Amino acid sequence: MENRYFESILVTGGCGFIGANFIRHLLEGGHYDGRVVNIDKLTYAGNLENLAGIADRFEGRYHFVHGDICDGDLVGSIMEKHAIDAFCHFAAESHVDRSIAGPGAFVETNVNGTFALLEAARERSDKIKLFHHVSTDEVYGSLGNEGYFTEETAYDPSSPYSASKAASDHLMRAYHRTYGLPVTISNCSNNYGPYQFPEKLIPLMILNALDSKPLPVYGQGKNVRDWLYVEDHCHAIWQIMTHGRTGQTYNVGGRCEKTNLNVVESICDILEKIPGDSGRGEKRSLIQFVKDRPGHDHRYAINCDFIERELGWSPTVSFDQGLAKTIFWYMENQDWVRNVKSGDYRNWISQHYGKDRK
Ligand code: NAD
Ligand code: TYD
């Protein structure tokens, strides 16, 4: 097993959901004692509040750069200035529904942005110990009721989002095989936890249910996703970065398949058990079945035996625990919720979802 040490990691998209949790995991969790540089464009999904307090508490070890990963010159200058020796690449347009409404930004950031980072890394490859790329199980397409995605499953993406992530994965492998760049890739299932932008299923349903607003379930709610608590994911990424084999893909999953309806009902049931306002009323009666997403993948399910065997990682947070923690986090962070909701999110939802998808 490898045992890498990094002095200065360039995290891309660190103001987003998983990136912010990852930076907190490294610094607050005490897993790493070097420097973190975070480049983020601060799109609608990027939020400086996700890392509130980090710059002060880790002065000299944490630096934020407001910038676009597509800007290769900027990335190159950051690498020089901060003596970057590793990348952890999260920055992306990440929401399937948005990719259906407007795929251009997905190709730009997810494909061209990844390409720009790889070129900057290739130009300084003697300095780079590792380039880790965070990808998704959606590159594998849709499963029927049986079977699992493994690291050998052929790519078959359905949405512009997953197609753009598939393209970025291919670039990563090509740079490893062609130029010998030391890369690792992780393809993980659906994450949930604190700081997730409330356009994704779990935070959207939590906030709507708390406000007694409709809970829009696409189609019949029978689509299946595998749910991974974000802290478990962060731990997996760090295991891969420090101990993984270069050129290798690792599938990361929660061993936790649920239908969407089941997830929404679980949120309702937890909220109803909480005394006080949040528990008021019949939350399940807010569920509304709405028009299905075009090209909606039926089922995602990950076989994560390989990472368990190779790196000793397996998910530790059960869905019940993780969901309760997540619900309490959203309830306790009302300022964060208010600020996020007053931004672009509300405009976008009404523009693209119309009346039947609130
Ligand atoms: P997110 O949408 O919450 O955050 C994305 C971040 O990237 C934001 O801070 C945004 O400002 C930044 N960004 C976007 N375009 C940029 C650009 N051109 N330059 C610099 N920064 C830019 O996403 P997330 O849910 O945290 O996902 C992070 C990564 O993990 C993505 O690559 C995504 O494909 C992957 N992933 C996510 C999930 C999930 O369930 N959320 C599952 C599997 C894989
Ligand atoms: P989402 O959180 O968008 O993640 P992904 O599309 O990457 O899996 O959606 C998770 C599942 O929930 C997906 O099958 C679509 C469904 N969904 C709804 O039923 N209603 C909603 O309002 C949203 C956002 C998603």
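Residues numbered from 1 in each chain as written. Chains lettered and ligands numbered in written order. Predicted model: local features only at pLDDT ≥ 70, side-chain atom pairs only at ≥ 80, totals over all residues. Heavy atoms only, no water.

1. So, the site of ligand 1
Then step 1. Around ligand 1, a shell composed of 28 residues is seen, among which I18, D40, S94, Y161 and K165 lie nearest.
Then step 2. Interatomic distance of 3.0 Å between a side-chain N/O atom of T109 and a nitrogen atom of ligand 1.
Then step 3. Calculation on ligand 1 without its partners gives an accessible area of 840 Å², and the protein chains cover 97% of this total.
Then step 4. Listing elements by their share of the shell around ligand 1, those giving two or more residues are helix 1 (17-27), strand 5 (130-136), helix 6 (160-179) and strand 7 (190-192).
Then step 5. The element best represented in the shell around ligand 1 is strand 5, accounting for three residues.
Then step 6. Grouping the constituent residues of the shell around ligand 1 by class yields twelve nonpolar, twelve polar and four charged. (Near = heavy atom within 4 Å. Polar contact = N/O pair within 3.5 Å; in protein donor to acceptor, adjacent residues only side chain to side chain. Areas by Shrake-Rupley, 256 points an atom, 1.4 Å probe, with all protein chains shown as cover. Helix = DSSP H or I, 4+ residues; strand = E, 2+ residues; numbered from the N terminus. Nonpolar A, V, L, I, M, F, W, Y, C, P; charged D, E, K, R; others polar.)

2. Re the packing of aromatic side chains
Then step 1. The tally for this structure, following the rule as stated, stands at 20 aromatic pairs.
Then step 2. Summarising the aromatic geometry, the rings of F87 and F131 are spaced 4.5 Å apart at their centres and angled 5° between planes, so their arrangement reads as stacked. A residue pair is termed long-range when its members are at least 10 positions apart, and F87 in strand 4 (residues 86-89) and F131 in strand 5 qualify at 44 residues. The pair F87 / F131 is uniform in exposure class, with both members buried.
Then step 3. Geometry around Y179 places R122 over its ring, the cationic atom sitting 4.2 Å from the centre.
Then step 4. Taking NZ or CZ as reference, R299 lies 5.5 Å from the ring centre of Y148, over its face. (Phe/Tyr/Trp six-rings, centres within 6.5 Å; stacked < 30°, edge-to-face > 60°. Buried < 20%, exposed > 50% of the residue type's maximum accessible area, 1.4 Å probe, protein only. Lys NZ or Arg CZ within 6 Å of the ring centre and 35° of its normal.)

3. Overview of the pairing of strand 8 (residues 215-218)
Then step 1. The side-chain alternation of strand 8 yields two buried faces, one formed by L215 and V217 and the other by P216 and Y218.
Then step 2. By the bridge criterion, four bridges tie strand 8 to strand 12 (residues 287-290) in an arrangement that is parallel. By the bridge assignment, V217 is partnered in strand 12 with F289. (Pairing = 2+ DSSP bridges.)

4. Topic: the site of ligand 2
Then step 1. Around ligand 2, the surrounding shell holds 18 residues, and the nearest of these are E138, P216, N260, R293 and H296.
Then step 2. A distance of 2.8 Å separates an oxygen atom of ligand 2 from a polar side-chain atom of R225.
Then step 3. Side-chain polar atom of N260 to an oxygen atom of ligand 2: 2.8 Å apart, as the coordinates give it.
Then step 4. Relative to its unbound accessible surface of 510 Å², ligand 2 loses 97% to contact with the protein.

5. Quick look at the sheet that holds strand 11 (residues 257-259)
Then step 1. The three strands are arranged 7-9-11 in an open sheet whose pairing can be described as mixed. The two strands at the open ends of the sheet, each matched to only one other strand, are strand 7 and strand 11. Here the strands of the sheet are splayed against their neighbours by 50° on average, with no regard to which way each runs.
Then step 2. One ladder, built from three bridges, connects strand 7 with strand 9 (residues 224-229); its direction is parallel. (Axes fitted to C-alpha atoms, helices over the stretch in contact; angles between N-to-C directions.)

6. Concerning the sheet that holds strand 1 (residues 8-12)
In any sheet, the strands associate via hydrogen bonds between backbone groups, in a parallel or an antiparallel arrangement.
Then step 1. If you walk across this open sheet you meet the seven strands as 3-2-1-4-5-6-10, and the pairing is parallel. Of all strands in the sheet, those bounded by a partner on one side alone are strand 3 (62-66) and strand 10 (248-252). Going from strand to strand, the sheet's axes swing by 20° on average, the running direction of each strand aside.
Then step 2. In terms of strand pairing, strand 6 (residues 183-188) meets strand 10 through five bridges, oriented parallel.

7. Remarks on the pattern of salt bridges
Then step 1. As enumerated under the stated definition, the model contains 19 salt bridges in all.
Then step 2. The residue R284 makes a salt bridge to E265 at a minimum N-O spacing of 3.6 Å. With a gap of 19 residues between them, R284 in the loop between helix 9 (260-273) and strand 12 and E265 in helix 9 connect regions that are remote in the sequence. (Salt bridge = Lys/Arg side-chain N within 4 Å of Asp/Glu carboxyl O.)

8. Remarks on unusual backbone geometry
Then step 1. Phi is positive for A83, close to 50°, though the residue is something other than glycine.
Then step 2. Even without being a glycine, S212 presents a positive backbone phi close to 55°.
Then step 3. Mapped onto the fold, S212 is located in the loop between helix 7 (201-210) and strand 8.

9. Some remarks on the confidence of the model for the protein
Then step 1. Taken residue by residue, the protein gives an average pLDDT of 95. The fraction at 70 or more is 94%.
Then step 2. Least confident of the elements in the protein is helix 12 (residues 334-353), whose mean pLDDT is 74; most confident is strand 1, at 99.
Then step 3. pLDDT under 50 marks residues 354-358. Its contacts with residues more than four places away, or in other chains, come to 13 contacts. (pLDDT = per-residue confidence, 0-100. Contact = heavy atoms within 4.5 Å.)

10. A word on helix 9
Then step 1. For helix 9, with 14 residues, the first-to-last C-alpha span of 20 Å sits near the 20 Å given by 1.5 Å per residue.
Then step 2. Those residues of helix 9 lying buried are N260, L261, V263, V264, I267, C268, I270 and L271.
Then step 3. Buried-residue contacts for helix 9 involve helix 7, strand 8, strand 9, strand 11, strand 12 and helix 11 (319-332). (Expected span 1.5 Å × (residues − 1).)

11. A word on the pairing of strand 9
Then step 1. Most of strand 9 is tucked away: six of the six residues are buried.
Then step 2. Of the two faces of strand 9, the one lined by V224, D226 and L228 and the one lined by R225, W227 and Y229 are each fully buried.
Then step 3. Examined bridge by bridge, strand 9 and strand 11 share three bridges and lie antiparallel to one another. What sits directly across from R225, in strand 11, is K258.

12. Describing the packing of helix 9 against helix 11
Then step 1. Interaxial distance between helix 9 and helix 11 falls to 11 Å at its minimum, and their mutual angle equals 60°. With respect to their mutual orientation, helix 9 and helix 11 come out oblique. Pair helix 9 / helix 11 crosses with right-handed handedness. Judged by residue contacts, V263, S266, I267, I270 and L271 of helix 9 engage F319, L323, A324, I327 and M331 from helix 11.
Then step 2. Residues that form the contact of helix 9 with helix 11 fall into these classes: nine nonpolar, one polar and no charged. (Parallel < 35°, antiparallel > 145°, perpendicular 65-115°, else oblique. Left-handed = near helix turned anticlockwise from the far one by under 90°.)

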